Amino acid sequence: MKVSEIGEFNLIDRIKSMIGRHGDDVRIGIGDDAALVSFDGSEVLLTTDVLVENVHFTNEIPPHSIGYKSIAVNISDIAAMGGKPKHILVSLSLPENTEIDFVDEMYKGMIDCAKKYNAGIVGGNMSRSSEIVINVTVTGTVEPENLRKRSTASVGDSILVTGSLGGSAAGLLAIEKGIVDQGGYHNNDLIKKHLYPKARIEESRFLAKLGSRAVEDISDSLFLDLSNICLASNVGAVIDVSKIPVALEAKEIKKAIDCNPLNLALSGGEDYELLLTASKEQAKNMIESLMIETGTELSEIGEIVEGSGVRLIDPDGEEFDYEKSGFDHFKGAK
Ligand SMILES: [Mg+2]
């Protein structure tokens, strides 16, 4: 059997059952945004991500942003746990003919991102390969009161999301369809969210203090990542699609390319916004307070219900007609 036949999520489940039970020093193992392990009393978050040329990026993407994003996506997983990043390891596989300038620029991006979030690159490894592969591992710390998991959503909770969704997918479309200037990448707002995602460290830690329950970052898509929270928490979710904060970029790209901005927001992925649940009473306060504290928008988009899976409804409460199409790394069309 080939990996494409079972898909990414089934493959992870298969590996998880092979690994089996962990020792007591593993507080959180496979299945959340990061692992939490304990070393002689202190607890450490561990997360890793791989970026592969022609899967996650192409040679049209500026190396500075490839480097920046490779670190930011890992720090976003630390944010989803309520933590702060500390140390970073970078392993690189490069074709022999890679330009030194490419490596320099990529590392400048990595260093810029690490500095922004007060983390430091402390080591790594290098190998030869046919395509560029960047593997980043980030460690972090989290106080027990700030630690957040996917498995703690409760029936009746509001579902909230930071920022807006679909901006990254819109940027990717713009690049793929060649509607941005080659030289203008850094100044082009349309593709900025795709190239330079924000990790919501400050927001997550602030929301933890205000009583967030289950938290995850949106990497695959709103639909798939909310499905993860539902599975882990043994609950269902109902989303009112009219409340989803669709990114300006997603509305903007529609002028140039025939696409549905709402679908980009629901299934585009790579927005790295926080998806969280909180009691209805807390939700109102969170929306106001987060804006005052960080300037980041927080939107209430639905409710956690009994049952399983994610249901989409329109403002009248009718079933919303939408075909699930989140990006699966092995089964996906890309
Ligand atoms: Mg994640």
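What counts and what doesn't
- Residues numbered from 1 in each chain as written.
- Predicted model: local features only at pLDDT ≥ 70, side-chain atom pairs only at ≥ 80, totals over all residues.
- Heavy atoms only, no water.
- Helix = DSSP H or I, 4+ residues; strand = E, 2+ residues; numbered from the N terminus.
- Buried < 20%, exposed > 50% of the residue type's maximum accessible area, 1.4 Å probe, protein only.
- Contact = heavy atoms within 4.5 Å.
- Areas by Shrake-Rupley, 256 points an atom, 1.4 Å probe, with all protein chains shown as cover.
- Domains from an automatic or database assignment.
- Buried area = accessible area lost by both parts, 1.4 Å probe.
- Salt bridge = Lys/Arg side-chain N within 4 Å of Asp/Glu carboxyl O.
- Polar contact = N/O pair within 3.5 Å; in protein donor to acceptor, adjacent residues only side chain to side chain.
- Pairing = 2+ DSSP bridges.
- Axes fitted to C-alpha atoms, helices over the stretch in contact; angles between N-to-C directions.
- Donors = N, O, S within 2.8 Å, 3.2 Å for Na, K, Ca; no water.
- Core = buried A, V, L, I, M, F, W, Y, C linked by side-chain atoms within 4.5 Å.
- Patch = residues over 30% accessible without salt bridge, like charges linked within 9 Å, V, L, I, M, F, W, Y side chains within 5 Å.
- Parallel < 35°, antiparallel > 145°, perpendicular 65-115°, else oblique.
- Left-handed = near helix turned anticlockwise from the far one by under 90°.

Engineer: Even after reading the chapter, I still don't get the overall build of the protein, so can you show me in this structure?
Structural biologist: Of the regular secondary structure elements, the protein holds 10 helices and 12 strands. Its C-alpha atoms put the protein at 55 × 55 × 50 Å along the principal axes. Looking at the 334 residues of the protein, the share that counts as buried comes to 51%. Within the protein, counting contacts between residues at least 6 apart in sequence, those at least 24 apart form 82% of the total. When the accessible area of the protein is evaluated, it comes to approximately 16200 Å², of which 49% is carbon and sulfur surface.

Engineer: For this particular structure, what's the right way to read the domain arrangement of the protein?
Structural biologist: A common measure of how large an interface is: the accessible area buried when the components associate. Once the domains are mapped, the protein shows domain 1 (3-141) and domain 2 (158-313). For domain 1 versus domain 2, the separation of C-alpha centres amounts to 21 Å. Taken residue by residue, the interface counts 22 residues in domain 1 and 22 residues in domain 2. A buried area of about 2100 Å², summed over both sides, lies between domain 1 and domain 2, and 57% of it is on carbon and sulfur atoms. Summed over the shared surface of domain 1 and domain 2, the result is 1 salt bridge.

Engineer: Would you mind showing me how to read the side chain of Glu273 here?
Structural biologist: Locating Glu273 in the fold gives a position in the loop between helix H9 (261-267) and strand E10 (274-278). By relative accessible area, Glu273 is classed as buried at 6%. Of note is the side chain of Glu273, whose polar atom sits 2.5 Å from the side chain of Thr162.

Engineer: Could you clarify how one ought to interpret the pairing of strand E3 (residues 42-52) in this entry?
Structural biologist: In regular strands, side chains alternate between the two faces of the sheet. As defined by bridge partners, strand E2 (residues 35-39) adjoins E3 across 5 bridges and the pair is classed as antiparallel. Note on E3: the bridge partner recorded for Leu36 is Leu45. If you look at the hairpin formed by E2 and E3, you'll find 2 residues sitting between the two strands, and Asp40 has a positive phi there, around 45°. As defined by bridge partners, E3 adjoins strand E6 (residues 133-141) across 8 bridges and the pair is classed as antiparallel. In the strand pairing of E6, Thr48 is matched with Thr137.

Engineer: Looking at this structure, I do not really get the sheet that holds strand E11 (residues 298-305). What am I missing?
Structural biologist: Working definition: the strands of a sheet are paired by backbone hydrogen bonds and lie parallel or antiparallel to each other. Strand order in this open sheet of 6 strands is E8-E10-E7-E11-E9-E12, and the pairing throughout is mixed. Here the strands that pair on one side only, and so sit at the sheet edges, are strand E8 (215-217) and strand E12 (309-313). Strand-to-strand twist across the sheet, computed as the mean angle between neighbouring axes with direction ignored, equals 25°. Direction of pairing for strand E9 (residues 236-240) relative to E11: antiparallel, over a ladder of 4 bridges. Each residue of the ladder has a partner; that of Gly236, found in E11, is Val305.

Engineer: Would you mind showing me how to read the coordination of the magnesium ion here?
Structural biologist: Summarising the metal site, the magnesium ion is bound by the protein donors Asp33 (OD), Asp77 (OD) and Asp217 (OD), whose distances to it range over 2.0 to 2.1 Å. We note that the donor set of the magnesium ion lies within a single chain, spaced as D-x43-D-x139-D. In this pair, Asp33 sits in the loop between strand E1 (26-28) and E2 while Asp217 sits in strand E8, placing the two residues 184 residues apart along the sequence. Residue Asp33 is classed as buried on the basis of its relative accessible area of 6%.

Engineer: Is there a simple way to think about the nonpolar core in this case?
Structural biologist: Nonpolar side chains in soluble globular proteins tend to be buried together. Grouped together as the largest cluster of nonpolar side chains are 76 residues, with contacts concentrated most on Ile134, Ile244 and Ile253. Ranked by the residues each element gives to this core, the list is headed by helix H2 (residues 63-80), at 8 residues. In this structure, Leu207, Leu210, Ala283 and Met286 belong to the second largest nonpolar core, which totals 12 residues.

Engineer: Any chance you could explain a nonpolar patch on the surface here in plain terms?
Structural biologist: Judged by side-chain polarity, Ile12, Ile15, Met18, Ile19 and Ile30 come together as a nonpolar surface patch covering roughly 460 Å² of accessible area. Within the secondary structure, Ile19 sits in helix H1 (residues 3-19). A residue is classified by how much of its surface remains accessible, and Ile19, at 46% relative accessible area, is partly exposed.

Engineer: Just to check I follow, could you spell out unusual backbone geometry for this structure?
Structural biologist: A negative phi angle characterises most non-glycine residues, just as the trans form characterises most peptide bonds. One non-glycine residue with positive phi stands out, namely Asn118, at about 55°. Position of Asn118 relative to the elements: it lies in the loop between helix H3 (100-116) and strand E5 (120-128). Phi at Tyr272 is positive, roughly 55°, even though this residue is not glycine. Along the polypeptide, Tyr272 turns up in the loop between H9 and E10.

Engineer: Help me understand the packing of helix H6 (residues 201-209) against helix H10 (residues 280-294), please; the structure alone is not making it clear to me.
Structural biologist: For any two helices packed against each other, the geometry is given by the interaxial angle and the distance between the axes. At their nearest, the axes of H6 and H10 sit 11 Å apart, and the two run at 135° to each other. Classified by the angle their axes make, H6 and H10 are oblique. In this structure, the crossing between H6 and H10 has a hand that is right-handed. Of the residues in H10, those in contact with Glu202, Glu203, Phe206 and Leu207 of H6 are Met286, Ser289, Leu290, Glu293 and Thr294.

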